[in-house]
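Each chain is listed here by its residues.
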There are 2 protein chains.
Amino acid sequence: MRLSRYFPILDWGRHYTGTALTSDLVAAIIVTIMLIPQSLAYAMLAGLPPVVGLYASILPLVAYALFGTSRTLAVGPVAVVSLMTATAAGAVAATGSADYIAAALILALLSGIFLLVMGLLRLGSLANLLSHPVVSGFITASGIIIATSQLKYILGIEAGGHTMPQLLATLSANIGTINVPTLTIGATSLAFLFWVRKGLKPLLVKLGLADRPADLVAKAGPVFAVVATIVAVVLLDLEAKGVRTVGVIPTGLPPIGAPLFDADLWLALAVPALLISIIGFVESVSIAQTLAAKRRQRIDPDQELVGLGAANVVAGFSGGYPVTGGFARSVVNFDAGAETPAAGAFTAVGIAVAALLLTPFLASLPLATLAATIIVAVLSLVDLRAPIVTWRYSKADFAAMAMTMLGTLVLGVETGVIAGVLLSLALFVWRSSRPHAAVIGRVPNTEHFRNVERHKVITLPHILMIRIDESLTYLNARWLEEYVLEQMADRPELKHLVLMCSAVNEIDASALESLEAINHRLADANIRFHLSEVKGPVMDRLQKSDFLDALTGEIFLSQNGAFAELAGRGDDEGDPLPVDPDPYGPRGLI
Amino acid sequence: MRLSRYFPILDWGRHYTGTALTSDLVAAIIVTIMLIPQSLAYAMLAGLPPVVGLYASILPLVAYALFGTSRTLAVGPVAVVSLMTATAAGAVAATGSADYIAAALILALLSGIFLLVMGLLRLGSLANLLSHPVVSGFITASGIIIATSQLKYILGIEAGGHTMPQLLATLSANIGTINVPTLTIGATSLAFLFWVRKGLKPLLVKLGLADRPADLVAKAGPVFAVVATIVAVVLLDLEAKGVRTVGVIPTGLPPIGAPLFDADLWLALAVPALLISIIGFVESVSIAQTLAAKRRQRIDPDQELVGLGAANVVAGFSGGYPVTGGFARSVVNFDAGAETPAAGAFTAVGIAVAALLLTPFLASLPLATLAATIIVAVLSLVDLRAPIVTWRYSKADFAAMAMTMLGTLVLGVETGVIAGVLLSLALFVWRSSRPHAAVIGRVPNTEHFRNVERHKVITLPHILMIRIDESLTYLNARWLEEYVLEQMADRPELKHLVLMCSAVNEIDASALESLEAINHRLADANIRFHLSEVKGPVMDRLQKSDFLDALTGEIFLSQNGAFAELAGRGDDEGDPLPVDPDPYGPRGLI
């Protein structure tokens, strides 16, 4: 049982049936057809030779099939990770150089190692640092950058860069050198693919095809565009007229070998590899969970880290580049009826066959066609409604999203994500440091206590009751000290202060220190400090400290009990407050 | 009124009386006597000429008197900040060089600017990042380093470094060159000062002196040691026997001038200056609050930033180095009866007079005496019980404390603090990402709902009720998704899931997205999703989103209402679940 946690194949492989085999084979064939142009296109987007895209779609898929827990996730090259690869590799080597390809391999290996380590140490919660607004803003901005970066292939001009200012500057500088045959192919492909997306499925349904098959045929749209434009290039000899094509793709299976070891290079690529692994993981898991829930299946996020990690390590050793679960492919895989991860392994066989047999036919494929498939795909990533919706819901979340989008568009993918993560964290810390608290009083004729500012309640001049609506941690401990002192300063008749702890799930060591300081300072002002409604686990903790011995007041089970008891005592002082053995508290810095 | 917030002197200055003047003058004289040896000693600790300590105790005190809100805080050089100054300046220049002194001035100016900016932007909550265990561990480790660093003066040998490994290595390398006359003076001073601390006050009380005056006389112990050892050096001509002394101190008032502007140097000193300002602020405010509470006074932490900021900027322009509120001096000031910040200004006058008249007499003061005063003072910073107490109370807090102590001792003050802050934050984020949640059921014959694992409660197979004990934020949003899916997966009869939100004070955009995903995935499994006991402000927010429209279930005012209503419906399916317009949710990375 334990072993099958780390090798899910032991689980589903044991019950593998002929029906499942048929379903998986059908799904694999459909995904293979879709993946061939996709893998070439995304390799181009990553600035890599097209064949690298094919290599990244063979052995990594087998590795995921062995270790992944999703029955339907289709792993391979994806658009956003390709952009991140291009940015990271472009920072250390010239695009297309041998060093650049080596950097892509290292990125795959490093991100695979990060994923494996996170998986084995159960550190998947690192992904929590990526808030939804950051991921959403990042993906939208990446989609915009990717679409813009592909315009040069549609127009047949030179351009470069991985940020909007760079892209727009180089595009506008070369806008005069448009190649008309290229633009014709590019624009036609774009128009065709947009039509396929919107119009083909309804047409097929109208022609009598069922909903799902119609969907699958529509998803194969790029294949038609690829075939048609290859034929056009060959027949019209468009290469001689300046149409750039994929060119000769080496035929054969992926080369097996270890990536270059160079400590400086590995160090330079570590941060981008970490970002690639975390972002790839977050999105992949989200897709896998959505699909799994449709069949009431479960995926194990920690084991997903292992599965994706293995896929990337294998990519690094077999001539690929970073891979993760792709949305479009996974949906096709799911809809085509894939039942087990074996579908992924069969897809790998399909791509291997393509790498052995199909590559000669792909040499004349125009880059403009690939660019068109990329543009059509990534425009669905661009969600310009999200910032508006988020602005309406939460200004803080909007700020994180806007920061991520702007940072990504202007400064690049890595800076954008890091800025977004840091801002989210800063805003979270800031909000955690200003909890809600209220002075409360008793609602007449009830045992309920409510905010004095919002309700007509009963209070007494010698009793101050404060409710805090948050756990007490180091981030809000000093805030609480100041709040209590402020409330106390204006009440000369005060004899008792009760802190209602019904919403306090935790009191950390800093907050304990602050409670001690409050107890201390109230005692100096001859005021007793009480707590009420302390939760069981919090009380267990407090009993391990000296706080309860030093506390000048009592712990009341209920707020009502506290009020009744203290009100009954009236202005009576009770026992004298103990003499403080350490009257100056902290030692400071001397 | 508004103006007096930024210039508290307008407030207390208006009501200044003859009685207050007398009290402040008396306190100022006593603090001056204490501050003269202290300022020389701490300047030595910072690796600066003794006169810099005097300069730092003149105009900065006047600036704080104008802008500070504490009536009794005594600002000036302190031990830990002196160590931090030595570390930071030592990293950019050779100790004692002109560049080193310039670096100290820049540190004062920069930390003053940071404090002012934090004060004007009300960013005092930045100090919240320093948890109590981090500050406590840092101060203890600093105390150990400071005491060790002073041993060379007691032994009359050469040694250096700002970390324990460096200090111990250089001390042990030169242990053979001990100077016996120096050691005699050092050891005698140490023994005398320890006795003064423990034995003088009881003796004076026995001789009939009242408690407070006895305390004040005991605090003046270092002055006796200073006078006695100066006399010994002069009479016995100990300088010729190798006893190192303070040497000629220039007579006169502080030089006024702007610190050197050098962009690289400022950049290199920015992080240490930020740490100096935040740590100095945290401790200073804590002392000021403790003393203020004793007289039911209030201090304004944001205005304290301005006061300390002004003091440091002035230190940078008047030949000083970073200053902050000192514990020992402030207590003396308080006990001596200081009533207003004017006492600080009078102390400044006292130090100025000393700088003009007393410096010739201080030339023969042995460094061993100053080192002894430092060691005796800082040993009270070392709190070795704190790690034990913290370990007992919270392992996470202990980890942060241990990391800070080890980092500070082995790698230096800056690394230590930064490591502690980052670990505290990481642990906080980690804990926030794993909130407490429980499957609940109804306690028989009540309207109370409790954890099914701890109580005998009523549940129904088609209703799952989950209580979450934390606000829903991006850090725990994915955790919640997984938790809910996990709970759902094992319950084939499930029709309704109710999330009880009584402890939810906030739902951020990421958590909203997760609630939408949960709603979505439950609907795919034909389960309705309900919420109960949603707080008013949280509900207001939800109404700004589309979530309530998409929600397949209802919002119940009370958990009991939800249970009663859904139990009454039995297995009835109700209206069919709406068809999902967007069946695949997230778009992924394509």
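Conventions adopted
- Residues numbered from 1 in each chain as written.
- Chains lettered and ligands numbered in written order.
- Predicted model: local features only at pLDDT ≥ 70, side-chain atom pairs only at ≥ 80, totals over all residues.
- Heavy atoms only, no water.
- Helix = DSSP H or I, 4+ residues; strand = E, 2+ residues; numbered from the N terminus.
- Buried < 20%, exposed > 50% of the residue type's maximum accessible area, 1.4 Å probe, protein only.
- Contact = heavy atoms within 4.5 Å.
- Lys, Arg positive; Asp, Glu negative; His and termini not counted.
- Charge placed at Lys NZ, Arg CZ, Asp CG, Glu CD.
- Pairing = 2+ DSSP bridges.
- Axes fitted to C-alpha atoms, helices over the stretch in contact; angles between N-to-C directions.
- Salt bridge = Lys/Arg side-chain N within 4 Å of Asp/Glu carboxyl O.
- Phe/Tyr/Trp six-rings, centres within 6.5 Å; stacked < 30°, edge-to-face > 60°.
- Lys NZ or Arg CZ within 6 Å of the ring centre and 35° of its normal.
- UniProt positions renumbered as here; feature names shortened; annotations may be inferred.
- Least-squares fit on C-alpha atoms with pLDDT ≥ 70 in both.
- Patch = residues over 30% accessible without salt bridge, like charges linked within 9 Å, V, L, I, M, F, W, Y side chains within 5 Å.
- Areas by Shrake-Rupley, 256 points an atom, 1.4 Å probe, with all protein chains shown as cover.

What follows covers the overall build of chain A. Each helix and strand in chain A was counted, giving 26 helices and eight strands. Dimensions of chain A, computed from C-alpha atoms along their principal axes, come out at roughly 105 × 60 × 55 Å. Looking at the 590 residues of chain A, the share that counts as buried comes to 57%. In chain A, once contacts between residues fewer than 6 apart in sequence are set aside, the share between residues at least 24 apart is 80%. Charged side chains of chain A number 39 positive and 45 negative; the gap between the two group centres comes to 11 Å.

Bringing the sheet that holds strand 7 (residues 528-532) of chain B into the picture now. Residues and elements named next belong to chain B. The mixed open sheet is built from six strands, whose spatial order is 4-3-5-6-7-8. Edge positions in the open sheet fall to strand 4 (449-451) and strand 8 (555-556), since each of these has one partner strand only. Alignment of strand 5 (residues 463-468) against strand 6 (residues 496-500), held across five bridges, turns out to be parallel. Its bridge partner lying in strand 6, Ile463 is registered against His496. Of the strands in this sheet, strand 3 (437-442), strand 5 and strand 6 touch helix 22 (residues 474-489), which is tilted by about 155° from strand 5.

Okay, the pattern of salt bridges next. Applying the stated criterion to the full structure yields 16 salt bridges over all chains. One salt bridge in this structure joins Asp302 of chain B and Arg122 of chain B, with 3.5 Å as the shortest N-O distance. With a gap of 180 residues between them, Asp302 of chain B in helix 14 (residues 301-317) and Arg122 of chain B in the loop between helix 7 (98-120) and helix 8 (132-155) connect regions that are remote in the sequence. For Glu554 of chain B, the salt bridge identified is with Arg569 of chain B, shortest N-O distance 2.4 Å. Placement of Glu554 of chain B in the loop between helix 25 (547-550) and strand 8 and of Arg569 of chain B in helix 26 (residues 559-569) is noted, with a sequence separation of 15 residues between them. Shared partners join several salt bridges into a network, and the residues in it are Glu554, Glu565 and Arg569 of chain A.

Take the packing of aromatic side chains next. Enumeration over the complete set of coordinates arrives at 17 aromatic pairs over all chains. Ring centres of Tyr474 of chain A and Phe428 of chain B lie 6.1 Å apart, and the angle between their planes is 85°; on these two criteria the pair is classed as edge-to-face. Linking Tyr474 of chain A in helix 22 (residues 474-489) with Phe428 of chain B in helix 21 (residues 413-432), this pair reaches from one chain into another. Accessibility classification places Tyr474 of chain A together with Phe428 of chain B in one group, the buried group. In this structure an aromatic cluster arises from ring pairing among Phe428 and Tyr474 of chain A together with Phe428 and Tyr474 of chain B. The side chain of Lys395 of chain A reaches across the aromatic face of Trp391 of chain A, ending 4.5 Å from its centre.

Here the focus is the environment of Phe529 of chain B. All names here are of chain B. Position of Phe529 relative to the elements: it lies in strand 7. For the pair Phe529 and Ile555, spaced 26 residues apart in sequence, the C-alpha to C-alpha distance is 9.3 Å. Apart from residues no more than four positions distant in its own chain, Phe529 is found in contact with Leu497, Leu499, Leu515, Ile518, Asn519, Leu522, Phe547, Leu551, Thr552, Gly553 and Glu554.

This part takes up the UniProt feature "domain: STAS" (unreviewed entry) in chain A. When the UniProt feature table is mapped onto this chain, "domain: STAS" (unreviewed entry) is found at residues 453-566 of chain A. Between the first and last C-alpha atoms of residues 453-566 of chain A the distance is 22 Å; the span itself is 45% helix and 16% strand.

With that settled, the discussion passes to the sheet that holds strand 5 (residues 463-468) of chain A. Residues and elements named next belong to chain A. Pairing within the open sheet is mixed, and its six strands lie in the order 4-3-5-6-7-8. Each having just a single partner strand, strand 4 (449-451) and strand 8 (555-556) make up the two edges of the open sheet. Sitting on the sheet, helix 22 is in contact with strand 3 (437-442), strand 5 and strand 6 (496-500), with an inclination near 155° to strand 5.

Superposing the two chain copies requires a rotation about an axis and a translation along that axis. The transform that puts chain B on chain A rotates by 180° and translates by 0.0 Å along the axis, for an RMSD of 0.1 Å. Taken together, the turn and the small shift mark the pair as related by a two-fold rotation axis. Across chain B, the rotation axis passes nearest the C-alpha of Ala503 of chain B, at a separation of 3.2 Å. Interface overlap between copies is the fraction of interface residues in one copy that are interface residues in the other; for chain B against chain A it reaches 99%, indicating a shared surface.

Time to look at a nonpolar patch on the surface. Residue and element names in this part refer to chain A. A cluster of nonpolar side chains, Ile113, Val117, Leu121, Leu123 and Leu126, forms an exposed patch at the surface whose accessible area comes to about 380 Å². Tracing the backbone through its elements, the reader meets Val117 in helix 7 (residues 98-120). On the accessibility criterion, Val117 (40% relative accessible area) is partly exposed.

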